[in-house]
Amino acid sequence: MTSFDSSPTLTAWRALLAIAVVFVMLATTGWTAVRHQHAAAPREIALASWAKDRIAGHALPDAEAPAYQLAHFFATLTAGQQVALADKYPLVVGNLNGAPAALRYRANRHALAEAETSEQQRAKDVRLSPDGRRQAVLRLERFRSLLAGDRQILAFDPAGRGRAAEVFGDLDRADRVSVVVPGVDTNLLTLERTGLKENAAPVGMARSLYGAERSARPGSRTAVIAWADYTAPAGIGMDAVLGGLAKEGAERLNALVSGLPGLSDVTLVCHSYGSVLCGVAARDLPSRVSDIAVAGSPGMRADNAAALHTRARIWAMRDSGDWIADVPNLAVGGLGHGADPVDPDFGARIVSASGATGHSGYFEPGTESLDNFAAIGVGAYDSVSCARSDQACHREISGDADGRRA
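Please read these numbers as outputs of a predicted model, since none were measured by experiment.

**A word on the confidence of the model for the protein**
Of the residues in the protein, 86% reach a pLDDT of 70 or more, and the chain-wide mean stands at 88. Note that pLDDT drops below 50 for residues 1-38; the model gives that stretch 36 contacts with residues more than four away or on any other chain. In this model, residues 400-406 is a region of pLDDT below 50 whose contacts with residues beyond four sequence positions or in other chains number 17 contacts.

Pasting the structure below:
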């Protein structure tokens, strides 16, 4: 675990260095990102049509309605009516929190098939630049991968850099659900990887965690969501220093959790900038969120755990070789994400990340970081390995055979 030097001189120099870095970034990237005008995206077109449509003589609900209202709407429909809407409006139904999970999976298979056809045509478009065709081919490969087998795609939107979410396990029957919230450069093209970096991408993270949770508590009913359904910062630029995208993502994350089926306890597993998002979301999280575990965090936009204003337990870890430790923890005029969650003064339960290598190794099998995520996710709190700097991380908590909250 990284040691912390609180001398005023070092603190001042770190602050000055951070401000200097910020000004360089401002000078090279500008205060705001340029938003290019674009033609209406497929989902925007579908939403416009949805808003005018009716079923069985009744208007369709607002797609932005709370999850409980959407759940009630779908409960009033017959199975045939549900399927008809999913097949007619896949990009709408596939992204509606509150719609039955199986119906969303079906809708998103349709949406992916339509996106595959469209991208296949784009990949052959001679008017595209070489880079444009290369991007089209990569997107086509991603759509085909997501369509392979019986993958459970909970959310999908191909617009822009794209968003998606995938479920591992039975979401409807799960007693415990873990949501993996990834960081910068999360988009459709980085959703999954192969080879040595497989577990550094959202899908690999979630698949690895799902396997670890089943090993941690065999026979438990658990599900894990790879949640890449927000607009993440592209690279380490101004968006990564500011909190705007985290705020927008927090609203989407809270909507997801509010719409999950059943009464399962929920754990948020937040990596890098994803921990910023989770920190912003914490105040408004549904009470079913029992734990928030962060790794490689640049801060949670809070001075301490109490300032997150949540009943959820806060867990934090960082590998000794993680470069994020060199990022100054400060908040100046909206720049920066605040205190370090693995600083004992922050008040999180600090757990071991032994075996993880660098900033992207927290989900590798055989690491204590992954084992700890899994133990927290299934409620096996007695199995959590505390960091040497925090032997009190088990305080006022216990685990039991059923993983019930304590």
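**Looking at the pairing of strand 4 (residues 163-169)**
Most of strand 4 is tucked away: 7 of the 7 residues are buried. Judged from the 6 bridges that link them, strand 4 and strand 6 (residues 222-228) form a sheet pairing that is antiparallel. When the sheet's bridge partners are listed, Phe168 is paired in strand 6 with Val224.

**With respect to the packing of aromatic side chains**
This structure, assessed with the given rule, holds 6 aromatic pairs. Geometrically, the ring pair formed by Trp50 and Tyr89 is edge-to-face, given 5.4 Å between the ring centres and 85° between the ring planes. Of this pair, Trp50 sits in helix 2 (residues 42-52) while Tyr89 sits in the loop between helix 4 (79-88) and helix 5 (90-93); the two residues are 39 residues apart in sequence, bridging distant segments of the chain. Relative accessible area serves as the criterion here: at 2%, Trp50 is assigned to the buried category.

**Considering the side chain of Glu119**
Relative to the assigned elements, Glu119 resides in helix 6 (residues 101-123). Residue Glu119 is classed as buried on the basis of its relative accessible area of 5%. Of note is the side chain of Glu119, whose polar atom sits 3.4 Å from the side chain of Arg139. Contact partners of Glu119, with chain neighbours within four places excluded, come to Ala136, Arg139, Leu140 and Phe143.

**Observations concerning the pattern of salt bridges**
Tallying each qualifying case throughout the model produces 19 salt bridges. The salt bridge involving Arg144 is made with Glu116; its shortest N-O contact spans 3.0 Å. One end of the pair, Arg144, is in helix 7 (residues 130-147); the other, Glu116, is in helix 6, and 28 residues separate them in sequence. A salt bridge links Glu166 to Arg151; its shortest N-O distance comes to 2.6 Å. Residue Glu166 is located in strand 4, and its partner Arg151 is located in the loop between helix 7 and strand 3 (152-157); the two are separated by 15 residues in the primary sequence. When its relative accessible area of 5% is taken as the criterion, Glu166 is described as buried. Looking at Arg151, the relative accessible area reads 15%, which means it is buried. Sharing partners across several salt bridges, the network here consists of Arg142, Arg151, Glu166 and Glu192.

Cut-off values and rules
Residues numbered from 1 in each chain as written. Predicted model: local features only at pLDDT ≥ 70, side-chain atom pairs only at ≥ 80, totals over all residues. Heavy atoms only, no water. pLDDT = per-residue confidence, 0-100. Contact = heavy atoms within 4.5 Å. Buried < 20%, exposed > 50% of the residue type's maximum accessible area, 1.4 Å probe, protein only. Helix = DSSP H or I, 4+ residues; strand = E, 2+ residues; numbered from the N terminus. Pairing = 2+ DSSP bridges. Phe/Tyr/Trp six-rings, centres within 6.5 Å; stacked < 30°, edge-to-face > 60°. Polar contact = N/O pair within 3.5 Å; in protein donor to acceptor, adjacent residues only side chain to side chain. Salt bridge = Lys/Arg side-chain N within 4 Å of Asp/Glu carboxyl O.

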